[in-house]
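# Descriptive analysis of the structure
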Amino acid sequence: MSIRIAGTGGALPEKKVTNDMIAQMVDTSDEWIRERTGIGSRFVSTGETVASLVARACSLALERAGREAEEVELLLVATCTPEDALPCMACQVQEKIGAKEAVAFDLNAACAGFLFALHTAWAYVESGIYQNALVAGGEVLSKMIDWQDRGTCVLFGDGAGAVLVEKCADGGILSFVQHSDGNRGAVLSCGARPIANPYFTGASQERYVRMDGREVFSFALRQVPAAIEEALAKARLAVEDVDVFVLHQANRRIIEGISRRLGADLEKFPMNLEQVGNTSSAAIPLLLDMLYREGRIRSGQVVVLSGFGAGLTYGACVMRIN
């Protein structure tokens, strides 16, 4: 028993921000950004919320799967940038799309969030609790970014992606692994609301994303290939058996480095970060949606998904498309 992808969907804000537009605010250039990251543009919210973007992506996934919202049994939203502490984004999306029969809740594993949510959906279906799930990743990172910090403001974009997964007897997810390293969490962080009550007032601090890019780069190059090889070994497959690697879209250099370490052709590593930047938990489902719509993922293929990000969190799964 496993789960298969029955439909995909993606959503982006209307506002497209190019590298040249960012260069008007901070000391950078299109050439500098492209050379170091591979990013050419990103989409930024001018009013769209995590819930509104995820709802659009989920509706498209349902439409492409030929399913109605009332059929959804489980609704999971991975995000680290919710507009509200309460109610959760998943419950807001449930209301927006009319998935009144679904159990809904959020997960936060940053850029690995969608992958962790997908594994959670697999566990529910494998145990027989549910037969299907809507799994989404959505972020409005633009509100968490210091737009005067060229080390981070050039990287991130807003968006959402979703998949409808259903129980299947053959194929689907063949194996998965996931890991966390909280000892190194400080290399990528963002503060939230501080403690403030009649008995204590927390020290003031900036609430922006802060990242040690060198450490994140090194972490990804070490751990992502190891996680992929671990997942492939559990599925009794080799790197050579993989048709497509769908990786978190953080940085072109990272993806190129992972390709080299695995000894796999870079052509097997599709990217959309040039157009949308790093969208954190939305990155993998947005790329999946693009690949499905373009016919680049087909029945019978072996596909590896791998995400990594703040926490530090990382993982991989192996799927046979059906």
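Our subject in this report is the structure included herewith. (Residues numbered from 1 in each chain as written. Predicted model: local features only at pLDDT ≥ 70, side-chain atom pairs only at ≥ 80, totals over all residues. Heavy atoms only, no water.)

## Quick word on the sheet that holds strand E14 (residues 302-309)
Read from one edge of the open sheet, four strands run E8-E15-E14-E13, paired in mixed fashion. Two strands bound the open sheet, and with one partner strand each, they are strand E8 (172-180) and strand E13 (244-247). The mean inter-strand angle of the sheet, taken between neighbouring strand axes irrespective of direction, is 15°. Across eight bridges, E14 lies against strand E15 (residues 313-320) in antiparallel orientation. (Pairing = 2+ DSSP bridges. Helix = DSSP H or I, 4+ residues; strand = E, 2+ residues; numbered from the N terminus. Axes fitted to C-alpha atoms, helices over the stretch in contact; angles between N-to-C directions.)

## Notes on the pairing of strand E3 (residues 41-44)
Along E3, one buried face is formed by Ser41 and Phe43 and the opposite face, lined by Arg42 and Val44, is buried too. Sheet topology note: the strand E2 (residues 15-18)/E3 ladder contains four bridges and is antiparallel. The residue of E3 that forms the bridge with Lys15 is Val44. (Buried < 20%, exposed > 50% of the residue type's maximum accessible area, 1.4 Å probe, protein only.)

## Quick look at the sheet that holds strand E1 (residues 2-11)
Ordered in space as E1-E7-E6-E4-E5, the five strands form an open sheet in which the pairing is mixed. Two strands in the sheet have a free side with no partner beyond their single neighbour: E1 and strand E5 (103-107). Averaged over all pairs of adjacent strands, the angle between their axes in this sheet comes to 20°, without regard to strand direction. Where E1 and strand E7 (residues 159-168) come together, nine bridges link them in antiparallel fashion. Looking across to E7, one finds that Arg4 is bridged to Glu166.

## Some remarks on the pattern of salt bridges
Following the criterion strictly, the structure yields 14 salt bridges and no others. Arg64 is the salt-bridge partner of Asp289, the closest N and O atoms lying 2.7 Å from each other. Residue Asp289 is found in helix H10 (residues 283-293), and its partner Arg64 is found in helix H3 (residues 50-65); the two are separated by 225 residues along the sequence. The class of Arg64 is partly exposed, set by a relative accessible area of 40%. Here Arg210 makes a salt bridge to Asp149, at a shortest N to O gap of 3.4 Å. Of this pair, Arg210 sits in strand E12 (residues 209-211) while Asp149 sits in the loop between strand E6 (132-139) and helix H6 (150-153), and the two are 61 residues apart along the sequence. With a relative accessible area of 31%, Arg210 lands in the partly exposed category. What makes Asp149 partly exposed here is its relative accessible area of 22%. Each of Arg4, Arg67 and Glu166 takes part in a single network of salt bridges with overlapping partners. (Salt bridge = Lys/Arg side-chain N within 4 Å of Asp/Glu carboxyl O.)

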